[in-house]
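# Observations on the three-dimensional arrangement
If you want the building blocks of each chain, they are given just below.
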Amino acid sequence: MIAVTTNLAPYRSAYATCVGYELHYTEWGHPEAPVVIAWHGLARTGRDMDELADYLAGRGYRVICPDTLGRGLSQWSVSPQEEYCLRFYACLARELFDQLGITQAHWVGTSMGGAIGTVAAAGLFEPSLKGRIRSLVLNDNAPQLADAAIARIRAYAGQPPAFATVRELEAFFRQVYAPYGWLSDAQWRRLTETSVRRLPDGRVTPHYDPAMVQQFIAHPNDYLIWDHYDQVQVPVLCLRGADSDLVLPETVAHMRTRGPGTAGRLTVVEVPDCGHAPALNVPSQLLCVGDFLARCEAAEPSGP
């Protein structure tokens, strides 16, 4: 049996206007504490970070968990081909920092969220962000992703199914997200209920804009970001699901020979019993992230 927290601390649900769009986010912890941005994966929402945010808030951090444009409670793009891409997401991140008065933050990103963190920390798209990212956690993300896995994700994300009942949707999520590793029944239910919307015909479907897969069509090399990785000058923790088909071992080996890797700033941890991507919901994963952030905090003074 895996011990997990079932009673989460209070959090604040809020909205910010970034690049003309309304973005939803949840905020955990004390407003004056060191900031952590926790950014979710491609077809998910910020509520996936509940366990992590609760844990880090308990360790003295202010944690911001956004819903990306086109996901969850955030507005959908009116220009999917132009705006569903890493360059625009970095712009959203920069404006979110500005809106919330964040001068510096640690970044924890799952999958797509890790890629956004990499380009934000690099500063090639948004130069003003380069000095504002203090550390980077890549949760089963790397500067190059396996083509076969991208094709798999694109296939299920681009044509989200619809079901008559929420319980049927939960069964679908349990199947497609089995690589997340162990989740309790309560966590599966919350994952479902925080990422469901009802269609005009009454059926339910995952709560995101299917057009977000335009990223793979209009920007086919958007996740090939070695040039950004090479510019990252902060500590990096790469959590690789031991069974991941997205982040291959040879890619992680190459990460050690470039950018943060050659500078001695890269730490790699293999997460057992997970594929793409670890859910960051069990004590061993939470402790790994928390201890990494604590080491980064100890290495330099924090900002608001």
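Data block above holds the structure.
Okay, so let's go over this structure. (Residues numbered from 1 in each chain as written. Predicted model: local features only at pLDDT ≥ 70, side-chain atom pairs only at ≥ 80, totals over all residues. Heavy atoms only, no water.)

### Brief notes about the nonpolar core
The condition is simple: Joining through side-chain atoms within 4.5 Å is the link that ties buried Ala, Val, Leu, Ile, Met, Phe, Trp, Tyr and Cys residues into a set, and such a set is a nonpolar core. The buried label applies to any residue whose accessible area, calculated with a 1.4 Å probe on protein chains only, is under 20% of its type's maximum; exposed applies above 50%, and partly exposed to all values in between. It only takes one pair of heavy atoms within 4.5 Å for two residues to be counted as in contact.
By size, the foremost hydrophobic cluster in this structure holds 76 residues, and its most contacted members are Ile37, Leu86 and Trp107. Those residues in contact with Leu86 that sit more than four places away from it in its chain are Ala115, Ile116, Val119, Phe125, Gln215, Asp222, Tyr223 and Ile225.

### Considerations on the pairing of strand 4 (residues 62-66)
Here is the rule: Per the convention used, a helix needs a DSSP run of H or I reaching at least four residues, while a strand needs a run of E reaching at least two, with both numbered from the N terminus. Should DSSP find at least two bridges between two strands, the strands are regarded as paired. Looking down the strands as they point away from you, a crossover is right-handed if its path from the first strand over the helix to the second goes clockwise.
Extensive coverage of strand 4 is indicated by the burial of five of its five residues. The sheet contact formed by strand 2 (residues 21-28) and strand 4 spans four bridges and is antiparallel. Within the sheet, the bridge partner assigned to Glu27 lies in strand 4 and is Ile64. Relative to strand 4, strand 3 (residues 35-39) runs parallel, the two sharing three bridges. From the neighbouring strand, Val35 faces strand 4, where its bridge partner is Arg62. Note on the crossover from strand 3 through helix 1 (residues 50-58) to strand 4: the handedness is right-handed.

### Side note on helix 3 (residues 86-99)
For clarity, the cut-off: The span expected for a helix works out to 1.5 Å for each residue beyond the first.
Across its 14 residues, helix 3 extends 20 Å between first and last C-alpha, which sits within 8% of the 20 Å expected from 1.5 Å per residue. Of all 14 residues that make up helix 3, ten are buried, and the element is covered over most of its length. Residues of helix 3 that are buried include every one of Leu86, Phe88, Tyr89, Ala90, Cys91, Leu92, Ala93, Arg94, Leu96 and Phe97, and no others. Once helix 3 finishes, Gly101 follows within two positions and takes phi at roughly 65°, a positive value.

### What to know about the layout of surface pockets
Over the atoms rolls a probe the size of a water molecule, and in doing so it shows where empty space is left. We count it as follows: Two kinds of site are reported from a 1 Å grid over the protein atoms alone, namely cavities, where a 1.4 Å probe fits but cannot get out, and pockets, open sets with protein on both sides within 12 Å along at least five of seven lines, and residues are called lining when an atom falls within 4 Å of a point. Grid points are joined across faces, edges and corners, and a volume is the space filled by probe spheres set on the points. Gly is put with the polar residues, along with every residue not named as nonpolar or charged; the nonpolar set is Ala, Val, Leu, Ile, Met, Phe, Trp, Tyr, Cys and Pro, and the charged set is Asp, Glu, Lys and Arg.
Its volume calculated, the largest pocket comes out at about 240 Å³. Along its surface, the largest pocket is lined by 16 residues, and Val271, Pro272, Val282, Ser284 and Gln285 are the ones closest to its centre. For the lining of the largest pocket, the residue count by class is ten nonpolar, four polar and two charged. Here the second largest pocket is characterised by a volume of approximately 200 Å³. Around the second largest pocket sit Gln144, Leu145, Asp147, Ile150, Phe216, Pro220, Asn221, Asp222, Tyr223 and Leu224, which together line it.

### A closer look at empty space enclosed by the protein
Summed over the entire model, instances satisfying the criterion amount to four cavities of 30 Å³ or more. Approximately 220 Å³ is the volume found for the largest cavity. Lining the largest cavity we find 20 residues, and of these Asp48, Met49, Tyr180, Leu191 and Ala279 sit closest to its centre. Of the residues forming the lining of the largest cavity, the biggest block, three residues, is contributed by helix 7 (residues 185-193). Approximately 160 Å³ is the volume attributed to the second largest cavity. Per element, the largest residue contribution to the lining of the second largest cavity is three residues, and it comes from helix 5 (residues 147-158). Here the lining of the second largest cavity is built from residues that sort into nine nonpolar, four polar and two charged.

### A few points about the state of the cysteines
Test applied: By definition, disulfides here are pairs of cysteine sulfur atoms that lie within 2.5 Å.
The full count for this structure, using the stated rule, is zero disulfides. Cys18 carries a free sulfur, and the closest cysteine sulfur to it, the one in Cys91, is 8.8 Å from it. Among the residues examined, Cys18 registers a relative accessible area of 0% and is labelled buried.

### Structural notes on the sheet that holds strand 9 (residues 236-241)
Condition: The axes used here are C-alpha line fits, helices contributing only the stretch in contact, and every angle between their N-to-C directions lies in the interval 0 to 180 degrees.
One open sheet accounts for eight strands, arranged 1-2-4-3-5-6-9-10; its pairing is mixed. Two strands lie at the open edges of the sheet, namely strand 1 (12-18) and strand 10 (266-271), each paired on one side alone. Here the strands of the sheet are splayed against their neighbours by 20° on average, with no regard to which way each runs. Alignment of strand 9 against strand 10, held across six bridges, turns out to be parallel. Each residue of the ladder has a partner; that of Leu239, found in strand 10, is Val269. Of the strands in this sheet, strand 3, strand 5 (105-110), strand 6 (133-139), strand 9 and strand 10 touch helix 11 (residues 283-299), which is tilted by about 160° from strand 6.

### Digging into the pattern of salt bridges
The condition that has to hold: Salt bridge, as used here: a side-chain nitrogen of Lys or Arg that lies within 4 Å of a carboxyl oxygen of Asp or Glu.
Inspection of the entire model under this criterion finds 18 salt bridges. With its nearest N and O atoms 3.2 Å apart, the salt bridge here joins Arg190 to Asp50. Remark: Asp50 occurs in helix 1 and Arg190 occurs in helix 7; sequence separation between them is 140 residues. Between Asp230 and Arg258 there is a salt bridge whose closest N-O contact spans 2.6 Å. With Asp230 in the loop between helix 9 (226-229) and strand 9 and Arg258 in the loop between helix 10 (249-255) and strand 10, this pair connects stretches of sequence that are 28 residues apart. The partly exposed category is assigned to Asp230, whose relative accessible area is 30%. One network of salt bridges, with partners in common, ties together Arg47, Asp50, Glu51 and Arg190.

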